[in-house]
Amino acid sequence: MLKEAALEYHNLLAEAPDKYAQDLEKIYGRLEADEICYQGEVIPILYQPLFFSQAELEEISQLVGRLSGILSKVIDRYLIDKEFRSYFGFSQELENLILADPGYSNPVPMARFDIFYYGDNKYRFCELNADGSSGMVKTNAVEKNFLQSEGIKDLTVRTGYDFDYCELLDKWIDTLLANYKEFNPEDNNPNIAIMDFDNFGMVSEFEYFKELLQNRGYQTVIVDPRELEYKNNNLYYGDFEVDLIYRRAVTTDVMEYYSEIGDLLTAYYNQDVCIVGSFRSQIIHNKIIFAILHDSEKTGFLNVEDRNFIEEYIPETSLIVKDYQQLNYIKNNREKLVLKPLDFYGAQGVYIGCDLTQSQWEEALDNIEPEQYLVQRFCPIPELEMAVLEKEELKFELFKYTLGIFMYNLSFAGIYTRAGKCNIIASSTGCVTLPNLLVDKN
């Protein structure tokens, strides 16, 4: 990230902290008015952008593009190789959904690759979210507000820099519609449903996308998959015929309520409704993907360049099995390791060894189910000094941060940054959202 821009920004804030503290309150007010919320509260932010050069974005784009190429090979192998499919341990019902043709070619229309960025081309991938990925509304709302903030206006005057951000919302709608166009080239005006189970997802974000789609002229509803009815080769929500579904319901929830959503699944199997994204995204979303990538015997179809990339950028990961030698190693190397469940979200069930006592670590290890957890080498989380404005007082504090790289049809789209004081950075641990600004030095 651009250190000189950050330094200039911090110097600027130090000259008039009361002015910028008042501006921060105004931003919070605008976010509240736009209902940019999490669990009924305005999302927490800092008066602190991250600054990126175009060269850095291109570097990140190339990095995630290389991983996308590897993952595409994995997905292709899964679809044709029964033995390879067995390594993932999916149920037969889920495997059938993954193998079903979604009607468009890209297996992962929406994903967010979470990475640790240490600067100087040093990265580590910490997680791949390809199932109900969110955060686009939050980050773009914050970034739009910061482009109009007093701090960025004053920084523009002082440095002559121009600032912009990666637009994610209209770009996602374009991606959604492009996949549908491949599914049904003759329909230019689909009826659209944004789908999740009631009270499971970010309803305010669903409403935001609904309004954007309606503004483009598309009839749009928000639906619970249990409310859908399949009749006469069409899928309905009441009297509303659904052509295209933007799926936000995560696969674990879909499988939990599998017996209650038969109409949806039948329509999907019969290609009478387009679901974006398809269930093929689960191949890379389930955290076992990191263990499989590190197992050269299971991924002999990858080439030397792929293997080198995995070794350099993906922390060593293994599936925990009933093996005394493995369990003993895990028990005795607490500070080097992390335990992660295969498929939870929101950082549920994650145990970071260096945050626990030895007895807590051993208790966690004793209570996890073999073949339901991974052990991964712990990567130190990058830190930056960030501005904190409280009651017109300015402080600079170290925050850990992760970059979430949005991938639309497995190509770079933009960045979503969260920061916090803990080793687990998630909404449940009180993280803050930071704007990501692209700097043009002219």
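The structure under discussion appears in the preceding block.
Residues numbered from 1 in each chain as written. Predicted model: local features only at pLDDT ≥ 70, side-chain atom pairs only at ≥ 80, totals over all residues. Heavy atoms only, no water.

### Description of the overall build of the chain
Alright, step 1. Within the chain one finds 16 helices and 22 strands.
Alright, step 2. For 442 residues, the compact-globule estimate of 2.2 N^0.38 gives 22 Å, and the chain sits close to it at 23 Å.
Alright, step 3. Dimensions of the chain along its principal axes, counting C-alpha atoms only, are 65 × 60 × 40 Å.
Alright, step 4. Counting only residues that meet the buried cut, the chain has 54% of its 442 residues in that class.
Alright, step 5. For the chain, the share of sequence-separated contacts (at least 6 apart) that also reach a separation of at least 24 residues comes to 73%. (Helix = DSSP H or I, 4+ residues; strand = E, 2+ residues; numbered from the N terminus. Rg over C-alpha atoms; globule rule 2.2 N^0.38 Å. Buried < 20%, exposed > 50% of the residue type's maximum accessible area, 1.4 Å probe, protein only. Contact = heavy atoms within 4.5 Å.)

### Observations concerning unusual backbone geometry
Alright, step 1. In this structure, the amide linkage connecting V276 to the following residue, G277, adopts the cis form with an omega of 0°.
Alright, step 2. Looking at the secondary structure, you find G277 in the loop between β13 (274-276) and α12 (282-285).
Alright, step 3. The backbone phi angle of E35 is positive, close to 55°, even though this residue is not glycine.
Alright, step 4. Mapped onto the secondary structure, E35 falls in the loop between α2 (17-33) and β1 (37-38).
Alright, step 5. With relative accessibility at 52%, the residue E35 sits in the exposed group.
Alright, step 6. If you check the backbone angles, N232 has positive phi at about 55° while not being a glycine.
Alright, step 7. Looking at the element boundaries, N232 is found in the loop between β9 (229-231) and β10 (234-237).

### Focus on the packing of α2 against helix α7 (residues 150-159)
Alright, step 1. Here α2 crosses α7 at 130°, and the two axes come no closer than 9 Å. Compared by their axis directions, α2 and α7 come out oblique. Between α2 and α7, the residues in contact are K19, Y20 and D23 and E150, G151 and D154, respectively.
Alright, step 2. Looking at the contact of α2 with α7 residue by residue, the class counts come to 1 nonpolar, 1 polar and 4 charged. (Axes fitted to C-alpha atoms, helices over the stretch in contact; angles between N-to-C directions. Parallel < 35°, antiparallel > 145°, perpendicular 65-115°, else oblique. Nonpolar A, V, L, I, M, F, W, Y, C, P; charged D, E, K, R; others polar.)

### Some details on the packing of aromatic side chains
Ring pairs (aromatic) are described by centroid distance and by the angle formed between their planes.
Alright, step 1. Within this structure, the stated rule accounts for 25 aromatic pairs.
Alright, step 2. Seen from their ring centres, F84 and F88 are 5.4 Å apart, and the 80° between their planes marks the pair as edge-to-face.
Alright, step 3. With a relative accessible area of 3%, F88 lands in the buried category.
Alright, step 4. In this structure an aromatic cluster arises from ring pairing among Y9, Y20, Y47, F51, F146, Y161 and F163.
Alright, step 5. One residue, K298, lies across the ring of Y87, its end atom 4.9 Å from the ring centre.
Alright, step 6. In this arrangement the basic side chain of K421 is found over the ring face of F399, its NZ or CZ atom lying 4.6 Å from the centre. (Phe/Tyr/Trp six-rings, centres within 6.5 Å; stacked < 30°, edge-to-face > 60°. Lys NZ or Arg CZ within 6 Å of the ring centre and 35° of its normal.)

### Points about the sheet that holds β9
Alright, step 1. Read across the sheet, 3 strands follow the order β9-β10-β11 without closing on themselves; strand pairing throughout is antiparallel. Sheet topology places β9 and β11 (240-242) at the edges, where each strand pairs with a single neighbour. Here the strands of the sheet are splayed against their neighbours by 45° on average, with no regard to which way each runs.
Alright, step 2. For β10 and β11, the ladder comprises 3 bridges, and the chain directions are antiparallel. Across the sheet, L235 pairs through a bridge with V242, a residue of β11. (Pairing = 2+ DSSP bridges.)

### So, the environment of R30
Alright, step 1. Counting through the fold element by element, R30 comes out in helix α2.
Alright, step 2. Of the residues examined, R30 reaches a relative accessible area of 33% and is grouped as partly exposed.
Alright, step 3. On a C-alpha basis, the gap between R30 and N145 in space is 8.0 Å, while along the polypeptide they are 115 residues apart.

### Notes on the nonpolar core
Alright, step 1. Ranked by internal contacts, the top residues of the largest apolar core, which has 81 residues, are F88, F113, F125, I245, L293 and L403.
Alright, step 2. No other element matches helix α3 (residues 54-80), which puts 10 residues into this core.
Alright, step 3. Ignoring anything within four residues of it in the chain, the contact list for F88 reads V74, Y78, I283, I288, I289 and I292.
Alright, step 4. The next biggest cluster of nonpolar side chains, apart from the first, holds 55 residues, and it includes L2, Y20, V142 and Y246. (Core = buried A, V, L, I, M, F, W, Y, C linked by side-chain atoms within 4.5 Å.)

### Observations regarding helix α11 (residues 262-269)
Given 3.6 residues per helical turn, the α-helix brings residues three or four places apart onto the same face.
Alright, step 1. What α11 keeps buried is the set L264, L265, A267 and Y268. Down the axis of α11, the buried set is contained in an arc of 160°. They therefore lie on one face.
Alright, step 2. The inward-facing, buried residues of α11 abut α5 (92-99), β7 (192-195), β9, β10, β12 (244-247) and β13. (Arc of directions from axis to C-beta.)

### Quick word on the pattern of salt bridges
Alright, step 1. Going through the model one piece at a time under the given rule, you end up with 21 salt bridges.
Alright, step 2. E15 is the salt-bridge partner of R158, the closest N and O atoms lying 2.7 Å from each other. Of this pair, R158 sits in helix α7 while E15 sits in helix α1 (residues 3-15), placing them 143 residues apart in sequence.
Alright, step 3. The class for E15 is exposed, based on a relative accessible area of 54%.
Alright, step 4. Here K400 ties to E383 by a salt bridge, and the two come within 3.5 Å at their closest N and O atoms. (Salt bridge = Lys/Arg side-chain N within 4 Å of Asp/Glu carboxyl O.)

### Overview of the environment of V203
Alright, step 1. With respect to the element layout, V203 can be found in helix α9 (residues 203-215).
Alright, step 2. The spatial distance from the C-alpha of V203 to the C-alpha of Q325 is 46 Å, given a sequence separation of 122 residues.

### Comments concerning the pairing of strand β8 (residues 220-223)
Alright, step 1. In this sheet, β8 lies alongside β7 in parallel orientation, the contact comprising 4 bridges. Paired with M195 across the bridge in β8 is V223.
Alright, step 2. Following the chain from β7 across α9 to the adjacent parallel β8, one finds a crossover that is right-handed. (Right-handed = clockwise from strand over helix to strand, strands pointing away.)

### A look at the sheet that holds strand β15 (residues 337-341)
Where strands meet in a sheet, backbone hydrogen bonds hold them as pairs that are either parallel or antiparallel.
Alright, step 1. The 4 strands are arranged β14-β17-β15-β16 in an open sheet whose pairing can be described as antiparallel. Strands with a single pairing partner mark the edges of an open sheet, and in this sheet they are β14 (317-319) and β16 (351-352).
Alright, step 2. As judged from the 5 bridges shared by β15 and strand β17 (residues 373-377), these two strands associate in the antiparallel manner. Paired with V338 across the strands is Q376, a residue of β17.
Alright, step 3. Docked against the sheet, helix α16 (residues 358-367) engages β15 and β16, running at close to 35° with respect to β15.

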